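Residues per chain are reported as follows:
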Amino acid sequence: MGKVVKLEPKLKAAAGQGKPGGRRVAARGIGRPASIDRRRQPRRDKTALVLGGGGFTGGVYEIGALRALDLLAVNSTVNNFDVYVGTSAGSFIAALCANGVTPEEMMRVVTRKGTPAFKDIDISDLLRPNLLEFARKGATVPLKALSALKQIATSRGGVSAMDLALGLADVLPSGLYTGAGIEKYLDEVLAEPGRSNDFRKLDCELYLTATDLDTCERIVFGLEGMDDVPISTAVRASGALPMVYSPVEVGDRELIDGGIVSTTNLDLAIEAGAKLVIVINPIVPYVNDFASTVSTLRGKRPRRVSDMGFAQIGYQVFKLVAHQRLHELAKGWEARYPGVDIVLIEPEATDELMFQTSIMSFNSRVEIARHGFESVTRQLAGEYERYEAVAERHGLDISAKRVRQVVAHFDEEPGEVSAWRKILEGTTGALLRQAGSGLGEAGGELGAAHRRMGGPHEVGLAV
């Protein structure tokens, strides 16, 4: 967690290269010029925020982590990156960040307290049953059942239960749910004043990834040639987890989750010219410490991952493969391409809460948001010197006093969810005031920053 890897840009083909008759899109759209407003700002290194996948749980963890990052700096926020890259659930959060929605505003929607800055999200928006396809596929059940019976009658015991199950699986829809509710919800949120559902109208660069189910290509929305697709549609496609959500038709393609090719797609940030890349990757395999036990007929024994259930075995395999691929890629870049700093933020390998919580759990959102905020804040405080060295290389100004003050507050406050709701939904300044009035120099600095910025979001990651 919090590893720093030095990298350098390398242009590669990124999307839609080989499908016959399809939309052929090159990587030339990456790294477009900054907006006029940004060109007027003092020249600095280009920065990027990369948000990986991980289902509902991963997305809420990222909100908590972003909330923690907003404690670090003096006069800016996580909404000031030049480039945003989102994959799967991270595409949803990246789209909001690129549109200026702050972590505090996201938190108020997650906790359902205070005055939300945009429409509240509901489970019916996230999980809308794929009723039309269920009905269409259901009509074929009699024919499939008859075919299975004929197979049993003619095979003379050569048919296994697995054969039958796979044969009847053809009557299932392409996904249990449709992402139409997510697309509609985000379309409404981005239609509000000051936001845009159009990649081309943003002041920053936003790249969202999906996977072509037929050709296995990575598709990058936001590139030239794919930037005319609405952001809400791109988010729906990027998060179309196979078998959970049905594929999304965009043009003549059927698209699924962008995390199938890469859980972060951080190379897009490098190709866009970013010299500092902050990556939040919620997908980390669980390393069992065998501290917990289970009861058996012969007594107690150390608990294994297989004791946690069928779903956890699947999570472990998926997270292990994805995590290994990311870190092997990072090691290769460190050796070959010096010049770019990557700060990788992810849960600890022993983080049982992140592993045990289903990636589709909506009810655990407040607990996971709290966990992401607290764990990342502790990490920032504990390894501050490492982050300070990176910040200095890019001419950034960060301070350890705020995060350390809040970490001290963690140990004083009760752990009840009600107390955490107040912490999570408040502004950074309110959080620091709640952590204690004895901020000294940091408190004075905070007040000065607030007066300069003239807004409620006093501090953040200086980018």
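Higher on the page you've got the structure.
Predicted model, so just to flag it, every value in this text is computed and none were measured.

Q: For this particular structure, what's the right way to read the overall build of the chain?
A: A tally of helices and strands in the chain yields 19 helices and 14 strands. The buried share among the 463 residues of the chain stands at 55%. When contacts within the chain are restricted to residue pairs at least 6 apart in sequence, long-range pairs at least 24 apart make up 78% of them. Taken as a whole, the chain presents about 20700 Å² of accessible surface, with 56% of it coming from carbon and sulfur.

Q: Is there a simple way to explain unusual backbone geometry in this structure?
A: Among all residues save glycine, negative phi is the norm, and among peptide bonds the norm is trans. Even without being glycine, S88 reaches a positive phi, approximately 55°. Among the residues examined, S88 registers a relative accessible area of 9% and is labelled buried. Positioned with a positive phi, C216 is a non-glycine residue whose angle comes to about 65°. Looking at where C216 falls in the secondary structure, it is placed in the loop between β6 (205–212) and β7 (218–221). Judged by relative accessible area, which is 59%, C216 ranks as exposed.

Q: Would you explain the pairing of strand β12 (residues 293–296) in this entry?
A: Remark: a regular strand shows side chains that alternate across the two faces of the sheet. As paired strands, β12 and strand β13 (residues 299–302) are joined by 4 bridges and run antiparallel to one another. Bridging across to β13, S295 finds its partner in K300. If you look at the hairpin formed by β12 and β13, you'll find 2 residues sitting between the two strands.

Q: Teacher, can you tell me more about helix α3 (residues 89–98) here?
A: Owing to its 3.6 residues per turn, the α-helix aligns residues three or four sequence positions apart on the same side. Counted residue by residue, α3 has 10 buried out of 10 residues, so it is predominantly covered. All of the buried residues along α3 are A89, G90, S91, F92, I93, A94, A95, L96, C97 and A98. Directly after α3, the chain includes G100, whose backbone phi takes a positive value near 85°.

Q: Looking at this structure, I do not really get the environment of L186. What am I missing?
A: For L186, the location among the structural elements is in helix α9 (residues 180–190). Contact partners of L186, with chain neighbours within four places excluded, come to F92, A95, L96, S232 and V235.

Q: Whenever I open this one, the environment of D341 confuses me. Can you help?
A: Considering the arrangement of structural elements, one finds D341 in strand β14 (residues 340–345). On the accessibility criterion, D341 (4% relative accessible area) is buried. As a C-alpha pair, D341 and V390 span 49 residues in sequence and 7.1 Å in three-dimensional space.

Q: Sorry if this is basic, but what is going on with the sheet that holds strand β5 (residues 175–178) here?
A: Strand pairing in a sheet is mediated by backbone hydrogen bonds. Such pairs are either parallel or antiparallel. Spatial strand order, β4-β5-β8: 3 strands in an open sheet with mixed pairing. Since the sheet does not close on itself, it has two edges, and those belong to β4 (128–129) and β8 (243–245), each with one partner. Of the strand pairs in this sheet, β5 and β8 are connected by 2 bridges, and their pairing is parallel. Paired with G175 across the two strands is M243, which belongs to β8.

Q: Even after reading the chapter, I still don't get the packing of aromatic side chains, so can you show me in this structure?
A: The geometry of an aromatic ring pair comes down to the distance between the two centres and the angle between the two planes. All chains considered together, the criterion is met by 4 aromatic pairs. For the ring pair F81 and Y84, a centre distance of 6.0 Å and an interplane angle of 75° mean the geometry is edge-to-face. Taking 5.0 Å as the distance between ring centres and 10° as the angle between the ring planes, the aromatic pair formed by Y286 and F355 counts as stacked. Note that Y286 is positioned in the loop between β11 (276–280) and β12 and F355 in helix α13 (residues 352–356), a separation of 69 residues in sequence. Take Y286: its relative accessible area is 4%, and that puts it in the buried class. A relative accessible area of 1% places F355 in the buried class. Taking NZ or CZ as reference, R67 lies 5.6 Å from the ring centre of F373, over its face.

Q: Would you mind going over the packing of helix α14 (residues 365–382) against helix α15 (residues 384–393) with me for this structure?
A: In a packed pair of helices, the relevant descriptors are the angle between the two axes and the axis-to-axis distance. Across the interface, α14 lies against α15 with an axial gap of 5 Å and an inter-helix angle of 75°. When the axes of α14 and α15 are compared, the pair comes out roughly perpendicular. Of the residues in α15, those in contact with Q379, L380, A381 and G382 of α14 are Y384, E385 and Y387.

Here is what the cut-offs are and how they apply
Residues numbered from 1 in each chain as written. Predicted model: local features only at pLDDT ≥ 70, side-chain atom pairs only at ≥ 80, totals over all residues. Heavy atoms only, no water. Helix = DSSP H or I, 4+ residues; strand = E, 2+ residues; numbered from the N terminus. Buried < 20%, exposed > 50% of the residue type's maximum accessible area, 1.4 Å probe, protein only. Contact = heavy atoms within 4.5 Å. Areas by Shrake-Rupley, 256 points an atom, 1.4 Å probe, with all protein chains shown as cover. Pairing = 2+ DSSP bridges. Phe/Tyr/Trp six-rings, centres within 6.5 Å; stacked < 30°, edge-to-face > 60°. Lys NZ or Arg CZ within 6 Å of the ring centre and 35° of its normal. Axes fitted to C-alpha atoms, helices over the stretch in contact; angles between N-to-C directions. Parallel < 35°, antiparallel > 145°, perpendicular 65-115°, else oblique.

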